[in-house]
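Residue-level structural notes
The residues making up each chain are set out below.
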Amino acid sequence: MSEEVETSAKVRKGPGLTARFVLAFCGLFLVFGSGVVFTVWESDQRAAEARARLLLDDRALTLAEQMDEALAASDGASAQTAANGLGRRHGMVAVRLVARDGSLLADGEDPDARRIMDRLATGGERFVMEKGLAATTVSSASGRVFVTATSRSLRQGFHGSAALIASVFFGFGALAALIAWFMARSIAQPLRKLTAMADMLRDKNAAQPLDLKTGDELETLARAFNAMAEKVQANMRRLQRMAYSDTATGLPNHERFTRDVTDFLSNRHDEVGALFVVRLDRLDRIFDAIGQDAGDELLTRIVGRLSSAVRAIDRMVRTEHCTARPSQLARLRGGDFGVLTPRFRGQEDAARFAQLLASALNQPFDWREHKLVLGAAIGAALLPQDGADADTAIRHAMLALTAARSDNGRMKFFTKALDREANAQLAFEREMRAALERNEFKAFFQPKVDLLSGRVIGAEALARWVKPDRTMVSPGRFIPAAEENGLIGSISEVILRDACWKAASWAREGFPLSVAINISPLQFADERFTDKILRSMAEAGLSPDRVELEITESVALENPERALRLLEPLREVGVKVSLDDFGCGHSSLASLTRLPFDIIKIDQQFVRALAKDRHAPAIIEMILAMAASLDYTVVAEGIETEQEADFLRRRGCQIGQGFLWGAAMPATEFLQFNAARSGAISGGQRGVA
Ligand code: C2E
Ligand code: MG
Ligand code: MG
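Quick notes on the rules
Residues numbered from 1 in each chain as written. Chains lettered and ligands numbered in written order. Predicted model: local features only at pLDDT ≥ 70, side-chain atom pairs only at ≥ 80, totals over all residues. Heavy atoms only, no water. Donors = N, O, S within 2.8 Å, 3.2 Å for Na, K, Ca; no water. Helix = DSSP H or I, 4+ residues; strand = E, 2+ residues; numbered from the N terminus. Buried < 20%, exposed > 50% of the residue type's maximum accessible area, 1.4 Å probe, protein only. Near = heavy atom within 4 Å. Polar contact = N/O pair within 3.5 Å; in protein donor to acceptor, adjacent residues only side chain to side chain. Areas by Shrake-Rupley, 256 points an atom, 1.4 Å probe, with all protein chains shown as cover. Core = buried A, V, L, I, M, F, W, Y, C linked by side-chain atoms within 4.5 Å. Contact = heavy atoms within 4.5 Å. Domains from an automatic or database assignment. Axes fitted to C-alpha atoms, helices over the stretch in contact; angles between N-to-C directions. Parallel < 35°, antiparallel > 145°, perpendicular 65-115°, else oblique. Left-handed = near helix turned anticlockwise from the far one by under 90°. Nonpolar A, V, L, I, M, F, W, Y, C, P; charged D, E, K, R; others polar.

Observations regarding the coordination of the magnesium ion (ligand 3)
Looking at the metal site, the magnesium ion (ligand 3) is ligated by Asp580 (OD), Asp581 (OD), Glu637 (OE) and Glu637 (OE), spaced 2.1 to 2.7 Å from it. Read in sequence order, the donor residues coordinating the magnesium ion (ligand 3) give the pattern D-D-x55-E. Taken as an interatomic distance, the gap from the magnesium ion (ligand 3) to the magnesium ion (ligand 2) is 3.9 Å; Asp580 donates to each of them. Note that Asp580 is positioned in strand 18 (residues 576–582) and Glu637 in strand 20 (residues 633–637), a separation of 57 residues in sequence. Take Asp580: its relative accessible area is 7%, and that puts it in the buried class.

If you want it as structure tokens, here you go:
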């Protein structure tokens with residue numbers, strides 16, 4: 001699972017759903033509640049003020065009556081006494097009595113009260129309330145009365161409703177918040193479970209179904225989620241089956257095999273196991289011959305044979321270990337199969353196992369009316385000794401397999417020397433790539449001679465690797481390596497261009513010699529093959545009738561229709577095609593006649609055999625007779641002695657090539673060789689090779 005996918009826990013950075021729900025609820029409640037309480041408090045204030053005014057007015061009127069009575073009895077002193085008496089009661093702060101004539105009968109001492117009363121006397125106001133004091137004034141028949149009391153005294157006995165309402169309101173709010181919390185929790189909890197399930201599904205590809213019985217939309221959601229999880233898991237299982245098994249055989253595939261080897265290596269305790277790579281060499285060829293449908297049927301038979309061989313050998317060699325942990329078979333690719341054997345008593349058992357497997361697979365078996373031999377080779381690696389991880393172990397078993405095949409052996413165990421050899425090959429390949437970039441591959445030319453006249457008629461271009469210090473890397477070393485690693489394709493293209501340029505320059509210098517160019521299977525596999533040849537000749541200015549293309553039997557016969565399609569357009573413009581190394585392949589003579597050839601090159605092994613093998617002359621005579629009747633020109637290669645040349649000339653072979661005349665040489669040297677030879681022939685040595 002990707003590291004970038006964040007877990008739900010990581011994503012949830014803020015407060016949870018419940019907390020958010022309760023917070024939102026409380027916030028709203030606070031705003032709304034404070035508004036209500038403030039309104040009630042304000043109306044309370046107004047009611048308290050009205051009540052204070054009434055109380056104060058009442059006291060002022062009582063005092064005014066007493067003042068009127070006292071002044072009617074011309075008793076200013078008793079009016080003053082009444083004022084003082086009232087002034088001491090009911091939280092009164094100050095009382096002022098002013099007679100009609102303006103004389104001051106009584107006054108308070110509190111400066112704030114006096115200032116307020118002055119305001120009432122001078123201004124038109126009847127009631128003032130400020131700084132915790134309330135003052136009022138009334139007029140009577142005998143004068144004017146001012147009274148000032150503390151606001152608090154006037155409020156006594158007044159019970160506003162704001163506090164009550166506030167406490168009821170917030171009490172109710174707390175209860176509602178609790179309910180909100182419960183409600184939110186009942187939604188959030190199932191959601192959390194769903195999230196945990198999704199996390200499990202994502203991380204482990206497995207999740208337990210969620211059993212929610214809320215009877216609402218959440219239950220519907222949970223049910224939908226369960227169905228989805230089930231489907232996802234089923235699809236995952238299907239994908240895993242597909243990703244880890246080979247579709248054609250149903251066996252575990254390469255990935256699964258690698259995983260099994262990894263599992264073995266990490267959980268093996270002290271066990272010693274082995275890994276075998278089995279290659280059934282002829283499988284591809286057999287499939288090509290019998291076609292797709294029959295191929296599928298045959299593959300099933302082969303897999304059956306392989307697994308029963310593995311089971312039988314398990315019982316023979318591994319006895320007590322095989323029931324607990326049998327060997328596992330997998331198809332790696334094409335004709336390559338892997339066998340992982342988890343436990344051996346010792347290395348000898350592993351060797352015996354591989355030998356028995358190889359000989360079982362090399363027994364011919366009946367299929368339809370055929371007797372088939374699968375041609376198995378086996379590479380083996382011991383575990384953990386030959387690979388601490390699965391990839392290394394498989395690679396080492398493959399190296400052993402390659403060694404087994406090149407030795408024509410059936411079975412080989414991996415050794416350190418094989419690894420060193422593989423590394424050396426890799427280093428050589430790197431060197432070869434660098435040499436290609438530095439243009440160190442050149443075409444050298446081996447003369448081809450008319451056996452009757454002795455004249456040079458052309459040359460075969462052969463690849464040579466010339467290092468900057470003029471030393472040469474042996475073609476016997478780099479050509480097989482390039483064929484193995486695929487670089488022969490690029491090298492051949494370099495040689496093709498070089499050879500075309502050189503041959504064109506000879507023609508310009510007055511030597512219209514032909515040039516034979518070797519074509520690699522890789523070049524021939526390229527759809528643009530024909531165009532590339534045409535372009536190389538055109539760019540160099542070389543006439544196509546000076547060019548011969550050398551193709552081996554196996555390349556041409558792999559797909560004769562394709563060979564025709566690619567070669568015919570070239571032959572039409574004058575290019576000749578020759579069948580190189582004739583006699584080495586397995587082609588039937590009948591199939592040869594279907595191919596577009598002009599020249600046959602008798603392989604040098606037949607020429608070499610002339611001196612040693614009494615059948616060799618007959619074979620060469622037969623090839624020459626066949627070529628004559630089919631109208632092919634014949635070139636014999638590898639001629640080293642006068643006797644060989646003489647034999648071939650007398651049997652009607654037209655052209656010879658070999659060390660007798662010269663090995664491959666640089667272009668300038670070849671021109672000199674040609675000139676010298678022409679001179680010698682014109683000098684009267686005609687007919688002598
Ligand atoms: P080939 O095309 O059959 O070339 C003939 C090989 O025989 C050459 O080896 C040549 O040096 C060698 N030879 C010629 N005359 C004699 C002789 O009298 N005695 C002996 N013992 N050997 C002789 P070379 O150059 O090592 O090439 C080997 C093969 O490599 C060639 O076989 C050809 O198949 C391939 N090759 C060479 N150059 C190229 C190239 O440019 N492209 C491709 N695709 N293949 C090339
Ligand atoms: Mg050749
Ligand atoms: Mg050849």
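Structural notes on the site of ligand 1
As a matter of local geometry, ligand 1 sits amid 23 residues, with Gln446, Glu460, Gln604, Glu640 and Phe659 nearest to it. Contact distances for ligand 1 include 2.9 Å between an oxygen atom and a side-chain N or O atom of Asp580. Within the side chain of Glu637, one N or O atom sits 3.5 Å away from an oxygen atom of ligand 1. If ligand 1 stood free it would expose 780 Å²; the protein chains cover 83% of that surface.

Focus on the nonpolar core
Judged by nonpolar contacts, the single largest core of 81 residues is most densely connected at Met432, Phe445, Ile491, Phe524, Phe529, Leu549 and Leu648. Top element by residues in this core is helix 16 (residues 488–508). It accounts for 10 residues. The contact partners of Phe524, leaving out residues within four places of it in the chain, are Ile519, Phe529, Ile551, Val555, Arg562, Ala563, Leu566 and Leu567. Membership of the second largest hydrophobic core comes to 38 residues, among which are Phe276, Leu306, Leu329 and Leu372.

Focus: the domain arrangement of the protein chain
Taken as a whole, the protein chain is organised into domain 1 (15–204), domain 2 (208–244), domain 3 (270–426) and domain 4 (439–688). The straight-line distance from the C-alpha centre of domain 2 to that of domain 4 is 70 Å.

Looking at the packing of helix 8 (residues 254–266) against helix 13 (residues 390–406)
Look at helix 8 against helix 13: their axes get within 9 Å of each other, and the N-to-C directions meet at 115°. Taken together, the axis directions place helix 8 and helix 13 in an arrangement best described as roughly perpendicular. The interaxial crossing formed by helix 8 with helix 13 has right-handed handedness. Along the contact surface, helix 8 presents His254, Phe257, Thr258, Val261, Thr262 and Leu265, while helix 13 presents Ala390, Asp391 and Ile394. Here the contact of helix 8 with helix 13 is composed, by residue class, of 5 nonpolar, 3 polar and 1 charged.

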